[in-house]
Amino acid sequence: MTDKPKILIVDDKPENLYALEKTLQKLNVEVFQAKLGNEALGLTLEHEFCMAIVDVQMPEMDGYELVDLLRGNDATASLPVIFVSAIFSDEYHHRKGYDSGAVDFMSKPFNPEILLSKVKVFIELYNQRRKLQIAVDELNHANLLLTRRTRQLETSSKVGQQVTSILDLDQLFPQVIRVIQTQFNYTLVSIWLVNDARDKIILEASTMSKTAEEINIPMSHKGLVAQSSNTGKVMLENKASTSSLYVPTKGMQIIGSELALPLKFQNEVLGVLDIQSERPQAFSQEDVVALEILTSQIVIAIRNARLYSKTR
């Protein structure tokens, strides 16, 4: 994977295109310019872009119409788009931009550092998806389409696409855990986040309905989730019912295996992805490796959503 990520910038004013490209040149990317909507559509047929930065007010076809056409094409349906505008910067147009499928809306003149911080997130997500897709293609070429490893990588790719296009964790987490459960037929998949005081782990999403007792647990809890939160390490128990670290989830049948993977950014544990199966010996080392890839994407989603919330 040697080619640079490509970014599409669309604006009818040359001076704006120049300023955008000069800002983006600080990153290791290839920038393509388009002055009109039709020109931008033509470029998307020739190139695969990791994201697009689109001006709202343009002649012939405005930014909203352009993004609507992009969303109607399978190849560009999930392309992350950031709207920029010097005129339409009120709440109505921001909402209109989000409704049309954009992931963000920035007013001109924009802060270059804030723009670059957002762009870096999408570049990282794009690079991860490309690596995963290359791995899937290699397995497909080797006639391993039906293997468990292929399903793992395909799941990672699906989660990566959702991470790219969804900035609301309340929407993202339920989708992610459903994909993991459906693809691998696990009994229970949950995402826990450490609270700001770092004395509790909060249950943010689960494939099983929450109860009052299950919403949070203290960091001093002896279960695998708390152990993973405290140590920042993967905690695996393939004979959960006989382990002193396994704590049964209220309302569930006896679990054979449990895997807790830390959601870690640098040295900080943000939370835990917890997966349980009724089958003993349910998790192989390959499963752990594949699910660790998923945790890295979930961490990016958490960081991206928090960054987005702060910049707004």
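Anything mentioned here points back to the structure above.
We now turn to the structure provided with this report.

Conventions used here
Residues numbered from 1 in each chain as written. Predicted model: local features only at pLDDT ≥ 70, side-chain atom pairs only at ≥ 80, totals over all residues. Heavy atoms only, no water. Helix = DSSP H or I, 4+ residues; strand = E, 2+ residues; numbered from the N terminus. Buried < 20%, exposed > 50% of the residue type's maximum accessible area, 1.4 Å probe, protein only. Contact = heavy atoms within 4.5 Å. Polar contact = N/O pair within 3.5 Å; in protein donor to acceptor, adjacent residues only side chain to side chain. Pairing = 2+ DSSP bridges. Axes fitted to C-alpha atoms, helices over the stretch in contact; angles between N-to-C directions. Parallel < 35°, antiparallel > 145°, perpendicular 65-115°, else oblique. Nonpolar A, V, L, I, M, F, W, Y, C, P; charged D, E, K, R; others polar. 1 Å grid on protein atoms, 1.4 Å probe; cavity = no way out; pocket = protein on both sides within 12 Å on 5 of 7 lines; lining within 4 Å. Points joined across faces, edges and corners; volume = space filled by probe spheres on them. Left-handed = near helix turned anticlockwise from the far one by under 90°.

Here's the deal with the environment of Ile275
- Mapped onto the elements, Ile275 comes out in strand S11 (residues 268-277).
- Owing to a relative accessible area of 0%, Ile275 belongs among the buried residues under this scheme.
- Each C-alpha atom, one on Ile275 and one on Leu291, is 9.8 Å from the other, the two residues being 16 residues apart in sequence.
- Each residue touching Ile275, except ones within four places of it in the same chain, is listed here: Ile180, Tyr186, Leu188, Val189, Ser257, Glu258, Leu259, Leu261, Phe283 and Leu291.

Some words on the side chain of Ser190
- Structurally, the position occupied by Ser190 is in strand S6 (residues 188-194).
- Look at Ser190 and you get buried, because its relative accessible area is 3%.
- Side-chain polar atoms of Ser190 contact the side chain of Ser206, separated by 3.2 Å.
- Apart from residues lying up to four places away in sequence, Ser190 is in contact with Leu203, Ala205, Ser206, Val272, Leu273 and Asp274.

Some points on the sheet that holds strand S9 (residues 235-237)
- Spatially, 6 strands are ordered S8-S7-S6-S11-S10-S9 in an open sheet, and the strand pairing comes out antiparallel. For this open sheet the edge positions go to strand S8 (216-218) and S9, each flanked by a neighbour on one side alone. Each adjacent strand pair in this sheet contributes to an overall mean axis angle of 20 degrees, direction not counted.
- In this sheet, strand S7 (residues 200-206) lies alongside S6 in antiparallel orientation, the contact comprising 5 bridges. The partner of Ser190 across the bridge, within S7, is Ser206.
- Its contacts with the sheet put helix H7 (residues 169-184) on S6, S7 and S11, and the angle it makes with S6 is roughly 145 degrees.

Focus: the packing of H7 against helix H9 (residues 285-311)
- Packing of H7 against H9 brings their axes to within 11 Å, and their N-to-C directions diverge by 170 degrees. On the basis of their axis angle, the class for H7 and H9 is roughly antiparallel. Contacts between H7 and H9 involve Leu169, Leu172, Phe173, Val176 and Ile180 on the former and, on the latter, Leu291, Leu294, Ile298, Ala301, Ile302 and Ala305.
- Its residues placed into classes, the contact of H7 with H9 shows 11 nonpolar, no polar and no charged.

Observations regarding empty space enclosed by the protein
- Considering all chains together, one arrives at 1 cavity of 30 Å³ or more under this definition.
- Roughly 70 Å³ of volume is contained in the largest cavity.
- Contributing to the lining of the largest cavity are Ile82, Val103, Asp104, Lys118, Val121, Phe122, Leu167, Asn304, Leu307 and Tyr308.
- Residue assignment for the lining of the largest cavity shows that the elements contributing at least two residues are helix H5 (112-141) and H9.
- In terms of residue class, the lining of the largest cavity is made up of 7 nonpolar, 1 polar and 2 charged.

Side note on unusual backbone geometry
- The phi dihedral of Glu60 falls on the positive side, at around 70 degrees, and the residue is not glycine.
- In this structure, Glu60 sits in the loop between strand S3 (51-55) and helix H3 (63-71).
- Here the phi dihedral of Gln266 falls at roughly 55 degrees; this positive angle occurs in a residue that is not glycine.
- Mapped onto the secondary structure, Gln266 falls in the loop between strand S10 (257-265) and S11.

Observations regarding the packing of helix H2 (residues 37-46) against H3
- In the contact formed by H2 and H3, the axes pass within 10 Å of each other and the chain directions differ by 25 degrees. Here H3 runs roughly parallel to H2, going by the angle between their axes. When you trace H2 past H3, the crossing you get is right-handed. Of H3, the residues touching H2 (which contributes Gly37, Ala40, Leu41 and Thr44) are Leu66, Leu69 and Leu70.
- Grouping the amino acids of the contact of H2 with H3 by side-chain chemistry returns 5 nonpolar, 2 polar and no charged.

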